[in-house]
Amino acid sequence: MPQTSEHIERHTLSVLVDNEPGVLARVIGLFSGRGYNIDSLTVSEVSQEGHLSRITIVTAGTPMVIEQIKNQLDRLVPVHRVRDLTAEATSLERELAMVKVRGVGEARVEALRLAEAFRARVIDATRESFVFEITGKSDKIDQFAYLMETVGLVEVARTGVVAISRGPQAM
Amino acid sequence: MTKEMTGAEMVIQAFLDQGVEHIFGYPGGAVLPIYDALFHNNAIEHILVRHEQAAAHAAEGYARSSGKVGVLLVTSGPGATNAVTGLADALMDSIPLVCISGQVATHLIGNDAFQECDTVGITRPCTKHNYLVRDVNDLARVLHEAFYVAQNGRPGPVVVDIPKDVQFATGTYIGRDNIQHKTYRPKLDAEAEKIAAAVDLIASAKKPIFYTGGGVINSGPEASRLLREFARLTGVPVTSTLMGLGAFPAANRQWLGMLGMHGTYEANLAMHDCDVMVCIGARFDDRITGRLDAFSPGSTKIHIDIDPSSINKNVKVDLPIVGDCGRVLGALVDAWKGRGLKIDQGALDAWWGQIDRWRGRNCLAYRYSDTIIKPQYAIQRLYEATKDKDVYITTEVGQHQMWAAQFFHFEEPNRWLTSGGLGTMGYGLPAAIGAQKAHPGSLVVDIAGEASIQMNMQEMSTAVQFDLPVKVFILNNKYMGMVRQWQELLHGGRYSHSYSETLPDFVKLAEAYGGVGIRCDKPGDLDAAIQEMINVRKPVIFDCIVDQQENCFPMIPSGRAHNEMLLSDSAEDLDSAITDEGKMLV
Ligand SMILES: Cc1ncc(C[n+]2csc(CCOP(=O)(O)OP(=O)(O)O)c2C)c(N)n1
Ligand SMILES: [Mg+2]
């Protein structure tokens, strides 16, 4: 498409869907079938009585593509609502990660010092390793994991982004 | 109404409650309980096709010619996979279908059981929505929802996959009145400000055009009526996509013919030069726009569509209006009349003057021959012989389809059934069978190519069994003509595998099926032969031997702009017609 000259934006979308079989496959199939990006995707049930799940998707594209993504999502039959948290108002974004670090001696001390600075908690420890739990914006987690590399990073597990708008209104 | 019954009985009961009179299907192990329930029923007629793809296309032909939902019934595994092409076709062309498929019993799902396939997984991207029903007590709701989803909003195919144990199980049936989909509520009416802004733009236009599509037809006959009224009130020229032919009468002076890759010179140049474009129920598809960055560069664009995702997909528009074409056209007519608006008549006259000069190029002209039948001539004669009759036209895919669109003229909606979005060879004969079932007394003709017709040839047998006197009018050029034309354009005339070798004798073939075969290869014999075809009350295959070399013009080569169209007299430049970039496009 000739629109590629337009700049790429990153958007966080909240999608409220019926919690029925196949709904996640529908959403993912839409992204792969139409060639859209998924930078992050999280999903969980948010209302048991209402059988509703909330999907948070971080995606990237030109403004025209982002608009397409929202409209394409909205047109899926089990989708109740689509909100663009990046476009609409100020919103909060958080991600949780578990970071495993291995090391002895000075490296252990350094790991704990970094954890303290990033307000990460120790949730598992052995004589030669730690698992930290850290919550925050994605770039904070990126930075934490990056710094841990020099100390002895083993692996990282991340939830992906969840997001919600500020203020009293629901999505 | 609530009642205890089996799942299989619920399927039949839901059909009855939804007003279904005809279904197209093919039996198999996983749908036998439903076939058993059909056995006891006289209100619904089942048309046994010879291939499940044909069941889907027949249901499409039925739906498009009647405005009702088309219904098909197939078995699990190969039954469902065979139907996939038809489902994808219906999705692309926004045709309302409900497809009931059998599935292996719930406890076997996932075990690679005999004739198991992941039907909802396979059909997810080629349906509007689909369901796997695991509990018989959900079945009635799902069935009614399926009909609701198929026909509301932008129409499309819906699959309901029913495991065999659910068909046998007994549960509670609820009637359609108790069902409304939880969330799916398409927006039908436009905001008043948008209507006001649209009529203001049209009233101030100097070179306006209405560009209409299949959405006008899908919206129902009232939308076509309102389009005519709005065009009459404003005097604006009208063109249409392949899908929209018939919504505006071809005999009307304001009709410019079809636009797009094989559209008329006047329609495409008017699109290119217009200052206000009103797109009504069309989607700026690549066959229409040509090179996107050169598409109608100077115009202000209004886009009316029921599907918000069609808006700003390919072309950025200035005034998007989300709503049903018929309702929006109604609001536009009311606003125009209510405010007593008038278009700038002087400017409009000048615009028509320009359009008439373009028309003067006579872009559909071809060289007549009295020794060999030109395909365009064959369509013209077919049109002349049938235009005063109650006629429905279906097509296959290829040059013949484009010539049919150019040379057969439609005065009413729902008369022209062609595979536009997916371009499915093999569509025409089963679609004709569906249309004939919906309109038993009408003349239904499939304008075919000798290659396409062989893709669902077996349906002649269906036509004969159910006494459906469809006419297959083959423009036999012994080539996959459209492929040959592209090879001529893009690949130095190297006709790789596009010659139709070892063709069957279509006359004998028709007779073998129990139909009637007619062959004609002389222009002078054509009228009488067509008359003979029309007069037979049986399925007919008409083998019309035409010029093998003819190409379809005008043509906007891929990657070119509307004003870079090729006309037949410029055919010598074909080699240089396509840029390297254009060769990448289909
Ligand atoms: C199922 C399918 N396969 C392949 C194609 C690609 N294709 C488009 S037109 C065409 C040739 C059609 O030949 P014929 O039916 O003889 O029509 P003609 O162009 O000669 O009028 C082919 C192969 C298609 N549209 N559909
Ligand atoms: Mg051919």
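What you are looking at is a predicted structure, and each value in this text was computed from that prediction instead of being measured. (Residues numbered from 1 in each chain as written. Chains lettered and ligands numbered in written order. Predicted model: local features only at pLDDT ≥ 70, side-chain atom pairs only at ≥ 80, totals over all residues. Heavy atoms only, no water.)

### Quick word on the packing of aromatic side chains
Stage number 1. This structure, assessed with the given rule, holds 21 aromatic pairs over all chains.
Stage number 2. On the basis of an interplanar angle of 50° and a centroid distance of 5.2 Å, the ring pair of F410(B) and W416(B) is categorised as tilted.
Stage number 3. Note on W416(B): relative accessible area 2%, which makes it buried.
Stage number 4. On the numbers, 5.1 Å between centres and 70° between planes, the contact of Y479(B) with Y499(B) is edge-to-face. Taken together, the residues span a long stretch of sequence, with Y479(B) in the loop between β18 (471–476) and α19 (481–490) and Y499(B) in the loop between α19 and α20 (506–513) at a distance of 20 residues.
Stage number 5. Overall, the relative accessible area of 36% leaves Y499(B) in the partly exposed class.
Stage number 6. Through successive ring pairs, a cluster of aromatic residues spans F118(A), F130(A), F132(A) and F144(A).
Stage number 7. Residue placement shows R253(B) over the ring face of W352(B); its charged tip is 4.7 Å from the ring centre. (Phe/Tyr/Trp six-rings, centres within 6.5 Å; stacked < 30°, edge-to-face > 60°. Buried < 20%, exposed > 50% of the residue type's maximum accessible area, 1.4 Å probe, protein only. Helix = DSSP H or I, 4+ residues; strand = E, 2+ residues; numbered from the N terminus. Lys NZ or Arg CZ within 6 Å of the ring centre and 35° of its normal.)

### Quick notes on the pattern of salt bridges
All names here are of chain B.
Stage number 1. Per the stated rule, a full pass over the model turns up 40 salt bridges over all chains.
Stage number 2. For R519, the salt bridge identified is with D543, shortest N-O distance 3.0 Å. Linking R519 in strand β19 (residues 516–520) with D543 in strand β20 (residues 540–545), this pair joins segments that are 24 residues apart in sequence.
Stage number 3. A relative accessible area of 40% means that R519 is categorised as partly exposed.
Stage number 4. When its relative accessible area of 3% is taken as the criterion, D543 is described as buried.
Stage number 5. Between D521 and K522 there is a salt bridge; the shortest N-O distance is 3.4 Å.
Stage number 6. Looking at D521, the relative accessible area reads 37%, which means it is partly exposed.
Stage number 7. Overlapping salt bridges bring together E222, R225, E229 and K337 as one network. (Salt bridge = Lys/Arg side-chain N within 4 Å of Asp/Glu carboxyl O.)

### What to know about the side chain of S299(B)
Residue and element names in this part refer to chain B.
Stage number 1. Looking at where S299 falls in the secondary structure, it is placed in the loop between α12 (286–289) and β13 (300–305).
Stage number 2. Note on S299: relative accessible area 9%, which makes it buried.
Stage number 3. Polar side-chain contacts of S299 include one of 2.8 Å to the side chain of S296.
Stage number 4. At a separation of 3.1 Å, a polar atom in the side chain of S299 contacts the side chain of K301.
Stage number 5. Ignoring any residue separated from it by four or fewer positions in sequence, one finds S299 in contact with C274, D275, V276, M277 and D318. (Polar contact = N/O pair within 3.5 Å; in protein donor to acceptor, adjacent residues only side chain to side chain. Contact = heavy atoms within 4.5 Å.)

### Brief notes about the nonpolar core
Residues and elements named next belong to chain B.
Stage number 1. One finds F473 and F542 to be the most contacted residues of the largest nonpolar core, which totals 113 residues.
Stage number 2. In terms of residue count, the dominant contributor to this core is helix α13 (residues 325–338) (7 residues).
Stage number 3. Each of domain 2 (192–359) and domain 3 (375–545) gives at least three residues to this core.
Stage number 4. F542 has contacts with V472, F473, I474, I518, C520, L526, A529, I530 and M533, leaving out every residue within four places of it along the chain. (Core = buried A, V, L, I, M, F, W, Y, C linked by side-chain atoms within 4.5 Å. Domains from an automatic or database assignment.)

### Comments concerning the domain arrangement of chain B
All names here are of chain B.
Stage number 1. Segmentation of chain B into domains returns domain 1 (2–178), domain 2 (192–359) and domain 3 (375–545).
Stage number 2. At the junction of the two partners, domain 2 supplies 17 residues and domain 3 supplies 17 residues.
Stage number 3. Per-residue buried area on domain 2 facing domain 3 is highest for L242, L245 and H262; these three make up 41% of the total on that side.
Stage number 4. Linking domain 2 to domain 3 there are 1 salt bridge.
Stage number 5. Salt-bridge contacts for R228 lead to E412; the nearest nitrogen and oxygen are separated by 4.0 Å.
Stage number 6. Linking domain 2 to domain 3 there are 5 residue pairs in polar contact (both at pLDDT 80 or more). (Buried area = accessible area lost by both parts, 1.4 Å probe.)

### Points about the sheet that holds strand β4 (residues 79–84) of chain A
All names here are of chain A.
Stage number 1. The 4 strands are arranged β2-β3-β1-β4 in an open sheet whose pairing can be described as antiparallel. Two strands close off the open sheet at either side, each with one partner strand: β2 (40–47) and β4. Between one strand axis and the next, the sheet turns through 20° on average, direction left out of account.
Stage number 2. One ladder, built from 5 bridges, connects strand β1 (residues 9–18) with β4; its direction is antiparallel. Looking at the pairing, L16 lines up with R81 of β4.
Stage number 3. Sitting on the sheet, helix α1 (residues 23–33) is in contact with β1, β2 and β3 (52–61), with an inclination near 10° to β3.
Stage number 4. Its contacts with the sheet place helix α2 (residues 63–74) against β1, β3 and β4, and it is angled at close to 160° to β4. (Pairing = 2+ DSSP bridges. Axes fitted to C-alpha atoms, helices over the stretch in contact; angles between N-to-C directions.)

### A few points about the pairing of strand β7 (residues 157–163) of chain B
A regular strand carries its side chains on alternate faces of the sheet.
All names here are of chain B.
Stage number 1. Within β7, 7 of the 7 residues are buried, leaving the element largely enclosed by the surrounding structure.
Stage number 2. In β7, alternate side chains face the same way, and those of P157, V159, D161 and P163 on one face and V158, V160 and I162 on the other are all buried.
Stage number 3. Where strand β5 (residues 97–103) lies against β7, 7 bridges are found, and the strand directions are parallel. Considered in β7, the bridge of C99 is made with V159.
Stage number 4. The sheet contact formed by strand β6 (residues 129–132) and β7 spans 4 bridges and is parallel. Opposite N130, over in β7, you have V159 as the bridge partner.
Stage number 5. Following the chain from β6 across helix α6 (residues 136–151) to the adjacent parallel β7, one finds a crossover that is right-handed. (Right-handed = clockwise from strand over helix to strand, strands pointing away.)

### With respect to the interface of chain B and chain A
Interface size is commonly expressed as the accessible surface area that is lost when the partners come together.
Stage number 1. Chain B puts 21 residues into the contact, and the matching count from chain A is 18 residues.
Stage number 2. Approximately 1700 Å² of surface area, both sides summed, lies buried where chain B meets chain A, with 54% of it carried by carbon and sulfur atoms.
Stage number 3. At the boundary of chain B with chain A, the tally comes to 1 salt bridge.
Stage number 4. For R75(A), the salt bridge is made with D307(B), and the minimal N-O distance between the two is 2.6 Å.
Stage number 5. One can count 6 residue pairs in polar contact (both at pLDDT 80 or more) joining chain B with chain A.
Stage number 6. Here the residues of the side of chain B that touches chain A sort into 6 nonpolar, 7 polar and 8 charged. (Nonpolar A, V, L, I, M, F, W, Y, C, P; charged D, E, K, R; others polar.)

### Let's talk about unusual backbone geometry
Residues and elements named next belong to chain B.
Stage number 1. Here the amide bond leading from F553 into P554 is cis, since omega sits at -5°, within 30 degrees of zero.
Stage number 2. Turning to its location among the elements, P554 is positioned in the loop between β20 and α22 (580–583).
Stage number 3. One non-glycine residue, F284, adopts positive backbone phi at about 50°.
Stage number 4. Along the chain, F284 turns up in the loop between β12 (276–280) and α12.
Stage number 5. The backbone of S296 shows a phi angle near 35°, a positive value even though the residue is not glycine.
Stage number 6. Along the chain, S296 falls in the loop between α12 and β13.

### Examining the packing of helix α1 (residues 7–17) of chain B against α6(B)
Residue and element names in this part refer to chain B.
Stage number 1. Packing of α1 against α6 brings their axes to within 10 Å, and their N-to-C directions diverge by 30°. In terms of their interaxial angle, α1 and α6 are classed as roughly parallel. The handedness of the crossing between α1 and α6 is right-handed. Every residue of α6 that contacts α1 at G7, M10, V11, A14, F15 and D17 is listed here: V136, L139, A140, L143, H144 and F147. (Parallel < 35°, antiparallel > 145°, perpendicular 65-115°, else oblique. Left-handed = near helix turned anticlockwise from the far one by under 90°.)

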